[in-house]
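# Coordinate analysis (summary)
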Amino acid sequence: MVGRVVHVSATPQLRPDTRPLEVVVLVSGSGSLLQALIDAEADAAARGQRSPFTIVAVGADRECAGLERAMLAGIPTFVVDTAHFADRDAWDEALADAIERSFDDDSDDPDVPPHLVVSAGFMKILGATTLARHTVINTHPALLPSFPGAHGVRDALAHGVKITGTTCHVVDAGVDTGPIIAQRAVEVRADDDEDSLHERIKVEERDMLVDVVRRFARGWSINGRTVLINE
């Protein structure tokens, strides 16, 4: 996933203990990463605990299985299709507006925590308007900065690396070049093909994303290439 502007905060954004972190998830496909977040929130409720985050909406650029997962979980959805706009800038502004409408609109209330956008298999380039107005994070199936782009798993295999993995990063102006938040390593086996390796990476990717969103619920700051999370 790529974008053009990174949302930067000089000081940590604090989340009051009384409110969960509001999250909008963007999807384009099956929604397996989304499901990991849905399950984590549901598991907390099943244990009688409050989840540190809540998914307030799921957005997409097309009709997809990810939206069906959201609807089954009772989560509001929206679709912003590029085909309905004159150009990508108009689409990007409409997407930013749709995301913003999903969050608590009382922005002057100090008890309203910062919000977060999770790109979970969203296959469109996010533009300047969306990234200027929202903090967006993304996962990538390689250990960045190695093997960015659409074929991270294939490229790692072709290069013959023995260790690859997955990275969670802030979306910025480049192709998978944003500040790194977390990484998980995955061993490359001698008999791996692209599918088998990618499946093991996905297991780590889902677990990592849930952990990152939970941690972000404590508050975070982004200063250059450094992402600080309140402990």
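Conventions used here
Along each chain, the written sequence defines residue order, and numbers are assigned to residues from 1. With the structure being a predicted model, the display of local features is reserved for residues of pLDDT at least 70 and the display and counting of side-chain atom pairs for 80 or more, all residues being used for whole-chain, interface and lining totals. As a rule here, side-chain values cover all heavy atoms of the structure and leave hydrogens and water aside. A run of DSSP states H or I qualifies as a helix once it reaches four residues; a run of E qualifies as a strand once it reaches two. Both are numbered from the N-terminal end. The buried label goes to any residue with under 20% of its type's maximum accessible area, the exposed label to any with over 50%, and the partly exposed label to all in between, with areas taken from a 1.4 Å probe on protein chains only. Any two residues whose heavy atoms approach within 4.5 Å at even a single point are treated as in contact. With residues, only the protein chains shown are counted as cover, and all accessible areas are computed by Shrake-Rupley using a 1.4 Å probe. Working definition: rings of Phe, Tyr and Trp (its six-membered ring) pair if their centres are within 6.5 Å, and the pair is stacked with planes under 30 degrees apart, edge-to-face with planes over 60 apart, and tilted otherwise. Two limits define a charge over a ring: the Lys NZ or Arg CZ must be within 6 Å of the ring centre, and within 35 degrees of the ring normal. DSSP calls a pair of strands paired once it identifies at least 2 bridges connecting them. Seen with the strands pointing away from the viewer, any crossover whose path from the first strand over the helix to the second strand runs clockwise is right-handed. Orientation is described by axes fitted as lines to C-alpha atoms, over the contacting stretch for helices, and by angles from 0 to 180 degrees between their N-to-C directions. In what follows, roughly perpendicular refers to angles from 65 to 115 degrees, roughly parallel to angles under 35, roughly antiparallel to angles over 145, and oblique to any angle outside these ranges. The handedness criterion is simple: a crossing whose near helix is rotated anticlockwise from the far helix by less than a right angle is left-handed, and one whose near helix is rotated clockwise is right-handed. Following the grouping adopted for this structure description, the nonpolar residues are Ala, Val, Leu, Ile, Met, Phe, Trp, Tyr, Cys and Pro, the charged ones are Asp, Glu, Lys and Arg, and the polar ones are all others, Gly among them.

## Regarding the overall build of the protein chain
Check the secondary structure of the protein chain and you find six helices and ten strands. Burial status across the protein chain gives 49% buried among its 231 residues. Within the protein chain, counting contacts between residues at least 6 apart in sequence, those at least 24 apart form 69% of the total. Carbon and sulfur atoms form 50% of the exposed surface of the protein chain, whose accessible area is close to 10900 Å².

## Comments concerning the packing of aromatic side chains
One pass over the full model with this rule turns up two aromatic pairs. Ring centres of Trp91 and Phe122 lie 6.4 Å apart, and the angle between their planes is 10°; this geometry places the pair in the stacked category. Residue Trp91 is found in helix H3 (residues 88-102), and its partner Phe122 is found in the loop between strand E5 (115-119) and helix H4 (128-133); the two are separated by 31 residues along the sequence. Each member of the pair, Trp91 together with Phe122, is buried. Seen from their ring centres, Phe216 and Trp220 are 4.9 Å apart, and the 25° between their planes marks the pair as stacked. Classification of Trp220 as buried rests on a relative accessible area of 1%. We note Arg88 situated over the ring of Trp91; from NZ or CZ to the ring centre the distance is 5.0 Å.

## Some remarks on the pairing of E5
By the criterion of burial, E5 is predominantly enclosed, with four of the five residues buried. As paired elements, strand E2 (residues 21-27) and E5 share five bridges and run parallel to each other. Counted as the bridge partner of Leu26 is Ser119 from E5. Relative to strand E6 (residues 136-140), E5 is paired through three bridges, and the arrangement is parallel. In the sheet register, Val118 faces E6, and the bridge partner there is Ile137. Running through H4, the crossover from E5 to the neighbouring parallel element E6 is right-handed.

## A closer look at the pairing of strand E10 (residues 226-229)
Of the two faces of E10, the one holding Val227 and Ile229 is buried and the one holding Thr226 and Leu228 is not buried anywhere. Two elements, strand E9 (residues 219-223) and E10, share four bridges in a ladder whose sense is antiparallel. Its bridge partner being in E10, Trp220 is matched across the sheet by Ile229.

## Examining the sheet that holds strand E4 (residues 77-79)
With respect to topology, seven strands assemble into an open sheet ordered E4-E3-E2-E5-E6-E7-E8, the strand pairing being mixed. Both edges of this open sheet fall to E4 and strand E8 (180-187), since each of them pairs with a single strand only. Taking the axes of each pair of neighbouring strands and ignoring which way they run, one obtains an average angle of 20° across the sheet. Where strand E3 (residues 53-60) and E4 come together, three bridges link them in parallel fashion.

## Section: the packing of helix H5 (residues 152-159) against helix H6 (residues 194-216)
H6 packs onto H5 with a crossing angle of 120° between their chain directions and a minimal axis gap of 10 Å. One element, H5, and the other, H6, form an angle in the oblique class. For H5 against H6, the interelement crossing comes out right-handed. The segment H5 lies against H6, with Val153, Arg154 and Leu157 engaging Glu194, Leu197, His198 and Ile201. Of the residues assigned to the contact of H5 with H6, the class counts are four nonpolar, one polar and two charged.

## Observations regarding the environment of Val27
Turning to its location among the elements, Val27 is positioned in strand E2. Residue class for Val27 comes out buried when judged on its relative accessible area of 0%. Between the alpha carbons of Val27 and Val58 there is a distance of 7.3 Å; along the sequence they are 31 residues apart. When residues no more than four places from it in sequence are discounted, the contact partners of Val27 are Leu34, Val58, Gly59, Ala60, Asp61, Cys64, Gly66, Leu67, Ala120, Gly121 and Phe122.

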